[in-house]
Structure formats: structure tokens, C-alpha cells
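# Secondary and tertiary structure notes
The primary structure of each chain is shown beneath.
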Amino acid sequence: MYNKILVIDDEKAIADIIKFNLEKEGHSVETAYDGEEAINLIHKIMPDLVILDVMMPKKDGFQVLKEIRIDYNFPVIMLTAKEEEVDKVLGLELGADDYITKPFSMRELIARVKANLRRVDYSNAAATKDLGTMITSDDLTIDLNKYEVKKDGCIVDLTLREYELLKFLASSSNQVFSREQLLEEVWGYEYYGDIRTVDVTIRRLREKIEDNSGDFKYILTKRGVGYYFRRT
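Bear in mind the structure is a predicted one, so any value in this text is a computation, not a measurement.

### Some remarks on the overall build of the protein chain
- For the protein chain, the helix and strand inventory stands at 8 helices and 12 strands.
- Within the span of the protein chain, comprising 232 residues, buried residues form 51% of the whole.
- For the protein chain, long-range pairs separated by at least 24 residues make up 59% of all intrachain contacts whose partners lie at least 6 apart in sequence.
- As presented, the protein chain carries roughly 11400 Å² of accessible surface, and 49% of it is formed by carbon and sulfur atoms.

### Things to note about the sheet that holds strand β4 (residues 76-80)
- Sheet architecture is open: 5 strands sit in the order β2-β1-β3-β4-β5, paired in parallel fashion. Looking at which strands have only one partner, the edges of the open sheet turn out to be β2 (28-32) and β5 (98-101). Between one strand and the next, the sheet's axes are offset by a mean angle of 20 degrees, whatever the strand orientation.
- Pairing between strand β3 (residues 49-53) and β4: 4 bridges, direction parallel. From the neighbouring strand, V50 faces β4, where its bridge partner is V76.
- Most of the contacts of helix α3 (residues 61-71) go to β4, to which it runs at about 170 degrees, and overall it touches β3 and β4.

### Regarding the packing of aromatic side chains
- One pass over the full model with this rule turns up 3 aromatic pairs.
- Both rings, one in F168 and one in F177, keep their centres 4.7 Å apart while their planes meet at 55 degrees; by these two values the pair is tilted. No difference in accessibility class separates F168 from F177, as the two residues are buried.
- Above the face of the F216 ring, R206 is positioned so that its terminal group lies 4.0 Å from the ring centre.

### Here we look at the packing of helix α2 (residues 35-45) against α3
- The contact between α2 and α3 brings their axes to 10 Å, and the two run at 15 degrees. It follows that α2 is roughly parallel to α3 by the angle criterion. Once α2 is placed against α3, the crossing between them reads as right-handed. Residues G35, I39, I42 and H43 of α2 touch α3, and the partners they reach there are V64, E67, I68 and D71.

### Concerning the sheet that holds strand β11 (residues 219-222)
- Spatially, the 3 strands line up as an open sheet ordered β10-β12-β11, and their pairing is antiparallel. Where the open sheet ends on each side, the last strands, each with one partner, are β10 (177-178) and β11.
- Of the pairings in the sheet, the one linking β10 to strand β12 (residues 226-229) comprises 2 bridges and is antiparallel in character. Each bridged residue has a counterpart across the sheet, and for F177 the counterpart in β12 is Y227.
- In the packing of helix α6 (residues 160-171) onto the sheet, the strands contacted are β10, β11 and β12, and the crossing angle to β12 comes to about 75 degrees.

### Examining the side chain of N21
- Topologically, N21 is positioned in helix α1 (residues 12-24).
- Among the polar contacts made by the side chain of N21, one reaches the main-chain carbonyl oxygen of I17 at a distance of 2.8 Å.
- Each residue touching N21, except ones within four places of it in the same chain, is listed here: M106 and I110.

### Comments concerning the confidence of the model for the protein chain
- Per-chain confidence: the protein chain averages 85 in pLDDT, with 89% of residues scoring 70 or above.
- In this model, residues 127-131 is a region of pLDDT below 50 whose contacts with residues beyond four sequence positions or in other chains number 5 contacts.

### Remarks on α3
- Among all positions of α3, only G61, F62, V64, L65, I68 and R69 are buried. What you see down the axis of α3 is that its buried residues fit within an arc of 155 degrees, all on one side. Exposed side of α3, more than 90 degrees from the buried face: I70 and D71 are the residues found there.
- One side-chain oxygen at the N-terminal end of α3 lies 3.1 Å from the backbone nitrogen of F62; it belongs to D60.

Thresholds, definitions, all that
Residues numbered from 1 in each chain as written. Predicted model: local features only at pLDDT ≥ 70, side-chain atom pairs only at ≥ 80, totals over all residues. Heavy atoms only, no water. Helix = DSSP H or I, 4+ residues; strand = E, 2+ residues; numbered from the N terminus. Buried < 20%, exposed > 50% of the residue type's maximum accessible area, 1.4 Å probe, protein only. Contact = heavy atoms within 4.5 Å. Areas by Shrake-Rupley, 256 points an atom, 1.4 Å probe, with all protein chains shown as cover. Pairing = 2+ DSSP bridges. Axes fitted to C-alpha atoms, helices over the stretch in contact; angles between N-to-C directions. Phe/Tyr/Trp six-rings, centres within 6.5 Å; stacked < 30°, edge-to-face > 60°. Lys NZ or Arg CZ within 6 Å of the ring centre and 35° of its normal. Parallel < 35°, antiparallel > 145°, perpendicular 65-115°, else oblique. Left-handed = near helix turned anticlockwise from the far one by under 90°. Polar contact = N/O pair within 3.5 Å; in protein donor to acceptor, adjacent residues only side chain to side chain. pLDDT = per-residue confidence, 0-100. Arc of directions from axis to C-beta.

Written as C-alpha cells, this is what we have:
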């Protein structure tokens, strides 16, 4: 089964070489060279994954990402400038699932694409297998069948990565995991020591499921060790 991938980069040579290599892997690939064209194509083709450059004309990658997350939950891999940590953090805070810095090897990009698509496939298969399985804690409910999180009966809008991180922690409640362990278990491959990724995603999760900033009920920090989910 092929996957539909949209590559968005204003540098046509880069977009075309990514397209060529992903098509060799068996994917169906479309390209867009500015933010407005990207939004139109997303609504038209409903991709399974998007590779999104930050610097683009008409609408930059951050604006495109904001609009994507209003309606869609598919994985988004951001392409960021080398050493621009602020771009990485902002992308994650806006709902990106992953990022890769330019210049990058095609082998690394393909590995990131495979890992993100594998997470989607795994989650869908798990949801089917675990029909009716629920994880509940006080007013928070994780429905593994519907791939859905509710708080006080209202659906919480999570990205794929946020959902996977919450599900992983909640499935092993009260067990502390280091940032490195979470990178390996939830992201599925090494991030070369960039544990900031975990911290940003945890912060986004807390903003969505916790009631009070600084007085957390569900996702707690074990100082000097990592994070854990407290089930009540």
C-alpha cells in the first residue's frame, strides 16, 4: 500500500529530489512551491504525510502548519535551517510531529518518513485490535479504539505525536521514563541527543489536558530523571 506524501519547498531542486527518492520507495508524491499552493493541494489530495519547509513565499511554513492543524492530524515533518533551534521549537509547539535540519541526507529523511508513517499504521492497527479498550484517570479518557482523548467529556485535539506520547505514558502509569527512553519508544528512532523535543511535546500536552499551570494532575516530572503519568 502506497502513501500519499506532499513535499512543500520553494527550492524546486530540493523538492524534486525528495519527490524522486520517495517515489523510489513506492510512495505517491506531490510537490508545492509556496504556502498558498500547499494549502490548496492539502485539501485536494488529503496526504498521509507532509514534508514542510519553514521559509517559503506567500505563506511561510509556520502559517501553513497552523492552518493544517485546524482540520488535519496527519504527520508533518518540518525542514528547518541548520542551527535555528527557535524554528524547531516553534514548529513543535505549533503541532509538527518531527523536524530535520538542512542540509540533510536523503537516507535520514527517508528514515524519518518511514518512522512517522509506521507510527500511524501501528496506531491504527492497535486501535482495531484493542476494540473498546479505554484508559481512564479521573476526568481524562483515552479511547484506543477511536484514537481519541476526552477531558470532562469533551474531545481534546492532539497531534499524532502528542497522542502517542500520552498513550505510552498512560499505558505504564506511575512508571518514570527518561527523555531518552521516550525519544526511543515514542519517536521510534534516535534524535541524536535532542531531548528538547520531548520537553516541548510534554508542555503542549500539559496545556491541553491539565487544569492548572504548574500544578499538574496527570503528567508529572521526576526531577533529574524524566516524566511519568499519574493515574488516579
